[in-house]
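Each chain, written out:
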Amino acid sequence: MAATPNAVQRLNALAGDGVQRVYALAMNALGLIMEPAQKLLGVRRMAYLFVLPNLLVFAIFILFPMLLNVYYAMTEGGNLYPQDRPFVGTANFERLYTCTDYGDPNTCLEDRFWRAARNTGVFVFFQVSGMVLVSLITSMVLNRKIVARGFFRSVYFYPVLLSPVVVALIWKWILQRDGVLNAILVGVGLDPINFMLDGTWAMTWVILVSIWAHMGFYTLILLAGLQSIPAELYDAGAIDGTSTTQAFRHITLPLLMPTMMVVLVLSLIRAVQMFDEVFVLTGGGPGSATMLMVQYIYMTGFGTQNPRFGMAAAASVTLGAVLLVATLLQLRVGRGSERHLA
Amino acid sequence: MFHRRSLATLFATLLVGLLVGSALAQVELRMTWYDDGAEGVVMREILDRFEAANPDVKVVMDTVPYSSGILESLPLQLASGQGPDIARVTNLGGLSQYYLDLRPYLSDPGYWDENFGPFLDWMRPAGSSAIPGFMTQLTVTGPFINATLFEQAGIPVPEGPTSWVEWAAVTRQVAAATGTPFAMVMDRTGHRLAGPAISQGAQFLDADGRPAIDDPGMRYMMQLMIDWHADGTMNPDVWIGSAGSYAAGNEFFVNAQVVLYMSGSWQVGQFTNLIGDAFDWVVVPNPCGPAACTGMPGGAGVVAIADTDHPAEVARVMEFIAQEENLAEFYGRSLFIPGHLGLASSGVDFATDSPLAAAALTAFSQQVPLLHPTAYAMQAYPFNFVVFNAIRDRLTQVYVGELTLDQALERIQADIDEALREAGAN
């Protein structure tokens, strides 16, 4: 039977009334807790009560695992549960940092850790600088009134939507011995190149693929930053006869600096944490030429038949500390440039 | 009307109750499995028969990739107590701490001692009389060659004792004559390298039974591998291009991109299906060195896991699969060398009309008497995977110039010593 408009209105009123009653009931129930709590704690301390649920989630899922990881870093052996693991204090860290010459991984007890550290340094430097540069150029181009601007904005963002594993598999297919790129090279009369069997080539491609996969995201952030710069500033600059280069140096770059800092921090953290794409693309090889820190941690703790959880935890504590220092430094520099701008 | 509706409701309630009741009464066991070929299909059929005869037990097969599933994930699952009830493993001794001793649950433990006795020692600590499981196959490592390529090149296949250097030379000639990209390929594992190294005189274990890697035999074999990767004899995609873990070279052989493939008997079933008669694939005797002409024994076993909540049901499943007629069917249809002494002596009727497969299985069987005692000792050594993995990873670093051979040998020994120390095996 079809409902008449009156019936619908009555239904809505009933539903609205029901919702209001449930809401009132919930608030009354909450009041039973909050009112005595407010009397007990006082109004000013009530803020802590409100953030308590969030803090609990943070403590259980972030803080506790972090502390547990630090404890694992001070234990050894193949047992999984902490209570079954012998406590060894700082022995894992001592082993990790024992080197005759820090520039030569072969002189270190844990040579793979230092190879991974060196590879990560190279990867982060070139990937982050390349990423920022390419994203900046792309965002500036996309900020202009070019033909099919919407289409190009979508195209550059598309790889961000792909799973990192899919990205790596696509590029593996392109770069392998019988891959698309070598077919093209042979097609134009050149010799094929074993990109994945040469350390330098492999690292170069790992960096390029990573930039390709993620630049869309950072381009979008920078584009938003560019669009927030008032057009009047450029108009005023044009009246004063500033060239395009001068406008970029003295208007665009300083006003974009806070956004650039966000991009820098985000891309740096992402680059240091890089694992999935590289692991699928090269497996860390050839040899250990593209093994990054997170892969070292994974391989030491999980990717082997004789896991060394303690050493993996020690390496991850080290990585966390480096990341923390780098982020704090960047934030400090960022605040400095913001003050300078003000 | 009311009467009919009530009856229908009653019937539906009873039916649902019956279904829920039987589902609740049914024990579900999980078996972690991997496939070399299509043997999982045969195992599933055997399990289906078990389930038909035992409706109170359901066995779910979780088929996983060998490298990531069996070698990497399973040990972690077992360590965390979250493992399956039954698993198919190749690291027989290394995971023995997690195995269930089936002996108290078996109706006839004598059958197991009699038919699986020597292989049970591979699965249990020294001196233990536990029965953790049985072998799904015995394996022997050895080389396959693409005989059609030899024929096309007009080069005869070497006969009689032949060294690795001679095989490398002749397969290079065949590859050059036929335009085949590579002469040889070897699975990326220290296990596959062990046979050739023992043939050259590598000892692996010292007088106290501890791993000792650096000796002239090992150096010689490693240097050959380094040279073959440098001069393009060996396909570099497997050892150099697959960092971090085990990698098989079977795809290159199946696609006729190599002349010789160093692998083992477990490939026979797969090659029968994938190559068929597209070209003649032939097993040749393990190449010789001054010490032996040996491959490595090995195999995979199905083991019961100690953390299971249903040990009695697990034992029933294991007893059913391990029955002689079921294993005869499994080995025969999977083209696996039997790991059951009764079947090994009575013979298995291999379900193939491929003369290539039959010849390959015969050739591998003929390799068994030639296996060197050191090869058996290494197979029985519970931390053999530590040794093999260290050799695999460090040797690859030599190929790409990260280490010299001397440095690699030092690192291999250091890696093994550190792993044994952490495992409390010193």
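This structure is a prediction, so every number in the text was calculated from the model and none was measured.

**Thoughts on the overall build of chain A**
Then comes step 1: Per the secondary structure count, chain A includes 13 helices and 0 strands.
Then comes step 2: The secondary structure elements of chain A, listed N-terminal to C-terminal, are α-α-α-α-α-α-α-α-α-α-α-α-α.
Then comes step 3: Relative to a compact globule of 342 residues, whose C-alpha radius of gyration would be 20 Å, chain A shows 28 Å and is clearly more extended.
Then comes step 4: Over its C-alpha atoms, taken along the principal directions, chain A stretches across nearly 80 × 70 × 60 Å.
Then comes step 5: Intrachain contacts of chain A at a sequence separation of at least 6 include 63% that bridge at least 24 residues.

**A look at the overall build of chain B**
Then comes step 1: Counting secondary structure elements, chain B contains 18 helices and 8 strands.
Then comes step 2: Relative to a compact globule of 426 residues, whose C-alpha radius of gyration would be 22 Å, chain B shows 24 Å and is just as compact.
Then comes step 3: Taken along the three principal axes of its C-alpha coordinates, chain B extends 90 × 50 × 40 Å.
Then comes step 4: Taking all 426 residues of chain B together, the buried fraction comes to 51%.
Then comes step 5: In chain B, 75% of the contacts between residues at least 6 apart in sequence involve partners at least 24 apart.

**What about helix H17 (residues 384-399) of chain B?**
Residues and elements named next belong to chain B.
Then comes step 1: In this model H17 runs 23 Å from its N-terminal to its C-terminal C-alpha over 16 residues, within 8% of the 22 Å that 1.5 Å per residue would give.
Then comes step 2: Of all 16 residues in H17, 16 are buried; the element is thus mostly enclosed.
Then comes step 3: Trailing H17 by a residue or two, Gly-401 shows a phi angle of about 85 degrees, which is positive.

**Some points on the interface of chain A and chain B**
Then comes step 1: Contacts between the two partners involve 24 residues from chain A and, on the opposite side, 29 residues from chain B.
Then comes step 2: Across the side of chain A that touches chain B, the residue classes break down as 7 nonpolar, 14 polar and 3 charged.

**Comments concerning the domain arrangement of chain B**
Residues and elements named next belong to chain B.
Then comes step 1: When the domains of chain B are assigned, the result is domain 1 (2-138 + 298-346) and domain 2 (140-297 + 354-422).
Then comes step 2: Measuring from the centre of the C-alpha atoms in domain 1 to the corresponding centre in domain 2 gives 32 Å.
Then comes step 3: Facing the 19 residues of domain 1 at the interface are 21 residues of domain 2.
Then comes step 4: Of all the elements in the fold, those that place two or more residues in the side of domain 1 that touches domain 2 are helix H3 (66-79), helix H4 (109-123) and strand S4 (133-146).
Then comes step 5: Partitioning the side of domain 1 that touches domain 2 into residue classes produces 7 nonpolar, 9 polar and 3 charged.

**Thoughts on the packing of helix H7 (residues 190-199) of chain B against H17(B)**
Residues and elements named next belong to chain B.
Then comes step 1: Contact geometry of H7 with H17 gives a least axis separation of 8 Å together with a crossing angle of 90 degrees. Considering the angle they form, H7 stands roughly perpendicular to H17. Judged by residue contacts, Gly-190, His-191, Leu-193 and Ala-194 of H7 engage Val-387, Phe-388, Asn-389, Ile-391 and Arg-392 from H17.
Then comes step 2: Along the lines of polarity and charge, the residues of the contact of H7 with H17 split into 5 nonpolar, 3 polar and 1 charged.

**A short note on the packing of helix H5 (residues 149-161) of chain A against helix H8 (residues 199-227) of chain A**
Residue and element names in this part refer to chain A.
Then comes step 1: With their axes 7 Å apart at the nearest point, H5 and H8 run at an angle of 120 degrees to one another. Taken together, the axes of H5 and H8 are oblique relative to one another. As for how H5 packs across H8, the hand of that crossing is left-handed. Along the contact surface, H5 presents Tyr-156, Phe-157, Tyr-158, Pro-159 and Val-160, while H8 presents Trp-212, Ala-213, His-214, Met-215, Gly-216, Phe-217, Thr-219 and Leu-220.
Then comes step 2: Taken together, the residues of the contact of H5 with H8 break down into 10 nonpolar, 3 polar and no charged.

About the thresholds
Residues numbered from 1 in each chain as written. Chains lettered and ligands numbered in written order. Predicted model: local features only at pLDDT ≥ 70, side-chain atom pairs only at ≥ 80, totals over all residues. Helix = DSSP H or I, 4+ residues; strand = E, 2+ residues; numbered from the N terminus. Rg over C-alpha atoms; globule rule 2.2 N^0.38 Å. Contact = placed C-beta atoms within 7 Å. Buried ≥ 20, exposed ≤ 12 C-beta atoms within 10 Å, placed from the backbone. Expected span 1.5 Å × (residues − 1). Nonpolar A, V, L, I, M, F, W, Y, C, P; charged D, E, K, R; others polar. Domains from an automatic or database assignment. Axes fitted to C-alpha atoms, helices over the stretch in contact; angles between N-to-C directions. Parallel < 35°, antiparallel > 145°, perpendicular 65-115°, else oblique. Left-handed = near helix turned anticlockwise from the far one by under 90°.

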